[in-house]
Amino acid sequence: MAEQEYIRRLQQEMEAERSIQLEKRRQEKLYLQKMMEENEKNKTKQKMDEERQRIEDLKAQEEYQRMLEKQENDRLNEMKKRE
């Protein structure tokens, strides 16, 4: 009788350990999935930030070019006035 009880207890312990391991794997899988989703969001945000920066840089270059053209036009107009 004691032997059967011992075997039953061992089986219960093994089943409990199996359940713990399955839950641990499930939790790890959820964690990894969450990390992958977060990484994807971060990549998307980084791409958007880079694109926004590229557009800002282009606008700054265009503004600088307009300023240079205005300076050149002002210089030419001043030279024409002196003639």
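Relevant structure appears above.
Residues numbered from 1 in each chain as written. Predicted model: local features only at pLDDT ≥ 70, side-chain atom pairs only at ≥ 80, totals over all residues. Heavy atoms only, no water.

1. Points about the overall build of the chain
When its secondary structure is counted, the chain shows 1 helix and 0 strands. For the chain, whose C-alpha radius of gyration is 36 Å, the value lies well above the compact-globule estimate of 12 Å for 83 residues. C-alpha extents for the chain along the principal axes are approximately 120 × 10 × 5 Å. Buried positions account for 0% of the 83 residues belonging to the chain. Total accessible area on the chain stands at roughly 8,600 Å², and carbon and sulfur atoms take up 54% of it. Averaging the locations of the 21 positively and 22 negatively charged side chains of the chain gives two centres separated by 2 Å. (Helix = DSSP H or I, 4+ residues; strand = E, 2+ residues; numbered from the N terminus. Rg over C-alpha atoms; globule rule 2.2 N^0.38 Å. Buried < 20%, exposed > 50% of the residue type's maximum accessible area, 1.4 Å probe, protein only. Areas by Shrake-Rupley, 256 points an atom, 1.4 Å probe, with all protein chains shown as cover. Lys, Arg positive; Asp, Glu negative; His and termini not counted. Charge placed at Lys NZ, Arg CZ, Asp CG, Glu CD.)

2. Focus on the pattern of salt bridges
Any two side chains of opposite charge can pair, so long as their charged atoms come close to each other. As enumerated under the stated definition, the model contains 11 salt bridges in all. Among the salt bridges present, the one from E13 reaches R9, with a minimum N-O distance of 3.9 Å. Taken together, the positions of E13 and R9, both in helix α1 (residues 2-82) and 4 residues apart, correspond to about one turn of that helix. Its relative accessible area of 46% is what places E13 among the partly exposed residues. Among the charged side chains, a network of salt bridges with common partners joins K45, D49 and R52. (Salt bridge = Lys/Arg side-chain N within 4 Å of Asp/Glu carboxyl O.)

3. Some thoughts on the environment of Q27
Mapped onto the elements of the fold, Q27 is located in helix α1. Distance from Q27 to E56, taken between C-alpha atoms, is 43 Å for residues 29 residues apart in sequence.

4. Describing a nonpolar patch on the surface
A contiguous nonpolar patch, built from Y6, I7 and L10 and spanning about 260 Å² of accessible area, is present on the exposed surface. Inspection of the secondary structure puts Y6 in helix α1. (Patch = residues over 30% accessible without salt bridge, like charges linked within 9 Å, V, L, I, M, F, W, Y side chains within 5 Å.)

5. Considerations on the environment of R26
Checked against the element boundaries, R26 lands in helix α1. Distance from R26 to E3, taken between C-alpha atoms, is 34 Å for residues 23 residues apart in sequence.

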